[in-house]
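Chain by chain, the residues run as shown.
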Amino acid sequence: MAKAQSVDGIDTRTMANAVRALAMDAVEKARSGHPGMPMGMADAATVLFSRFLRFDPSQPKWPDRDRFVLSAGHGSMLLYAILHLTGYADMTLDEIKRFRQLHSKTPGHPEYGHAEGIETTTGPLGQGVANAVGMAMAEAHLNARFGDDLVNHRTWCIAGDGCLMEGISQEAIALAGRQKLSKLAILWDNNSISIDGAVAMADITDQRARFAASGWNVVACDGLDGGDVARALAAAVQSDKPTLIDCKTVIGFGAPKKEGTAHAHGEPLGAEELAAAKKALNWPYGPFEVPDNIRSAWRKVGERGAVEREAWQARFSGSPRKSEFGKALSQFNAEPAIAALALHARKMAAEKPALATRASSGAAIEAIFGVCPELWGGSADLTGSNNTRPKTGADDFTPENRLGRYIRYGIREHGMCAAMNGMALHGGVIPYGGSFLCFTDYARPAIRLASLMGIRTIYVMTHDSIGLGEDGPTHQPVEHLAALRAIPHLYVLRPCDAVEAAECWQIALARQDGPSVLALSRQAVPGVRSDASENLSAKGAYELLKAEGGAARVAIYATGTEVSIAAKAREMLQSQGIPTRVISAPCFELFDLQSDEYQDEICGDEDEIRIGVEAAVGQGWMEAFGLHAFVGMTGFGASAPAKDAYESFGITAEAVVDVARDLLG
């Protein structure tokens, strides 16, 4: 065993046992939870927090703090216990006792925003690994921009066997290895147990070799030996690569009958086994009891970071970059871009260009990239298709050029989106990244977590319908808009022309409480908006074309590329003496937030025939607008030129007119 460490005369093992005891007691009281991981990783976590992690519980949002991510989120009591013991004001003992209870700050898996010190929401395994990669990338970029005096911190992550089995982990570690993120370290809780039993029943991967092959430094240690853990962590700090620390542990360490078994993973120990574990750990204290001397040692760990934080504050106060740094971290850092987009929208309204909306989005990015240095773009190997890289100012982000503002994510949609979440959580950058809309299936867990956390991540998803043409049904999204709209708190923005594309970018950038998906077309569409004095897309749906010759008898609701189809159908109906109006509906979620009066105005009176048009399945349309009919997809698409595909599936102006006339009788 390596030399034991201590704080204020309390050795690492005793401090770790305080974490173990709180975890066991909380799970037992809740009659639910995962005691095994905190019991196995308590020594490693204690060494990390007491000797290596830079943090200050009195100022939990200190910008230059180290970031800690618990990717193995089921072991949440490890984090909650340490936050409590180190003195985070909102993580009281009462909250520990309320573990997994309604409205507590201690839910079953860590949730961003519920308590200070929780840097991200984890639980779906592997997400935290990719979040940590994104955080480390953001640190590297901001360090290059502002220098060591203002930005110089590390990112630490605890991951379990399950995290490393999930496919997203390979996407994330390969990206980190390519980027040589030397300030990133993953502590692998190598306990060889999953829910079903021994990991070897399902996986015999040589994880050390995998990480090494991906460009990582690899260090191994006895995860139950504080001195050996410290040696490994020190080696990570010295590495010029990201580091995997293989911490060999025992799940449920200390529980005589359950340690080293799957029974320690996801169920309370039970009163008898809990008592036996405390006896084995030499912890002769009652439920939730931590002696004053041990609690004092942990508080000193929490107080340790104040000196470094105060030194940073002094550097910040005297820095000539103070104002610029403050703006970068401000929630209002997109204001210059939002203002530039207003000018750009007016220009597009005057010119009315016929462009694919992906090209209109690219033009919007061109208009704002130079005025908003926080914008940080990228693509999952589809740069030319997504139009995500502006022509100027977007050098690649690489180990040789950390100032680069464009990231080559490779064919890693899931890893990209989860890494962007980490960037958004880190702060100081506004991440956006592109792929095809159908590949949001690969990235859905990350998009869902961004929505759950309420963070500003912008997903630029092109080739949004059967209009992408010859690539066929494997690439043509038909159910994806409905599936994305089903995610609570996610804005799905589908603009119809260059004006709406600019407006949708404004919405995504101005939003402070959640992510946005921009669904963009491959095929060109005519410009339909000639007035951009107001961001009408921000209403979610608005009347684009009014009925002429009396009260509207037909209202056609459409999004994106189908708005021009709706406009043509209106023209045909008007020529037949049927007053018809067109409503563009770029964002159902924003429309749902409007007043009842406005929604009633848009949805018209009971005598009006309401028809929806979208080259996608119709789920969600009836609920949004109370339609009488929907013209769209009922199955998968087909490989064909866009025009032929639309005609084959009956998504045409003529089809809309026929439906309207049938309903009118």
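The rules we used
Residues numbered from 1 in each chain as written. Predicted model: local features only at pLDDT ≥ 70, side-chain atom pairs only at ≥ 80, totals over all residues. Heavy atoms only, no water. Pairing = 2+ DSSP bridges. Helix = DSSP H or I, 4+ residues; strand = E, 2+ residues; numbered from the N terminus. Axes fitted to C-alpha atoms, helices over the stretch in contact; angles between N-to-C directions. Parallel < 35°, antiparallel > 145°, perpendicular 65-115°, else oblique. Left-handed = near helix turned anticlockwise from the far one by under 90°. Contact = heavy atoms within 4.5 Å. Nonpolar A, V, L, I, M, F, W, Y, C, P; charged D, E, K, R; others polar. Phe/Tyr/Trp six-rings, centres within 6.5 Å; stacked < 30°, edge-to-face > 60°. Buried < 20%, exposed > 50% of the residue type's maximum accessible area, 1.4 Å probe, protein only.

## Notes on the sheet that holds strand β21 (residues 609-613)
For step 1, the next point in the chain: Ordered in space as β18-β20-β19-β21-β22, the five strands form an open sheet in which the pairing is mixed. Single-partner strands in this sheet number two, and they are β18 (542-545) and β22 (629-631). Going from strand to strand, the sheet's axes swing by 30° on average, the running direction of each strand aside.
For step 2, the next point in the chain: As paired strands, β18 and strand β20 (residues 580-584) are joined by three bridges and run antiparallel to one another. Looking at the pairing, E543 lines up with I583 of β20.

## Here's the deal with unusual backbone geometry
For step 1, the next point in the chain: Backbone geometry places D8, a non-glycine residue, at a positive phi of 55°.
For step 2, the next point in the chain: As for its position among the elements, D8 is in the loop between β1 (6-7) and β2 (10-11).
For step 3, the next point in the chain: The residue K352 is not glycine, and still its phi comes out positive at about 45°.
For step 4, the next point in the chain: With respect to the secondary-structure elements, K352 resides in the loop between α14 (335-351) and β10 (355-356).

## Structural notes on the packing of helix α1 (residues 12-30) against helix α3 (residues 76-86)
For step 1, the next point in the chain: The interhelical angle for the contact between α1 and α3, taken along N-to-C directions, is 120°, at an axis separation of 9 Å. By the criterion of interaxial angle, the relationship of α1 to α3 is oblique. Handedness of the α1/α3 crossing: right-handed. Across the interface between the two elements, A18, V19, L22, A23 and A26 from α1 touch M77, L78, A81, I82, H84 and L85 from α3.
For step 2, the next point in the chain: Of the residues assigned to the contact of α1 with α3, the class counts are ten nonpolar, one polar and no charged.

## Considerations on the packing of aromatic side chains
For step 1, the next point in the chain: One pass over the full model with this rule turns up 22 aromatic pairs.
For step 2, the next point in the chain: Their ring planes at 90° and their centres at 4.9 Å tell us that F588 and W621 sit as a pair that is edge-to-face. Of this pair, F588 sits in helix α22 (residues 588-592) while W621 sits in helix α24 (residues 621-625), and the two are 33 residues apart along the sequence.
For step 3, the next point in the chain: Classification of F588 by relative accessible area gives buried; the value is 10%.
For step 4, the next point in the chain: Take W621: its relative accessible area is 0%, and that puts it in the buried class.

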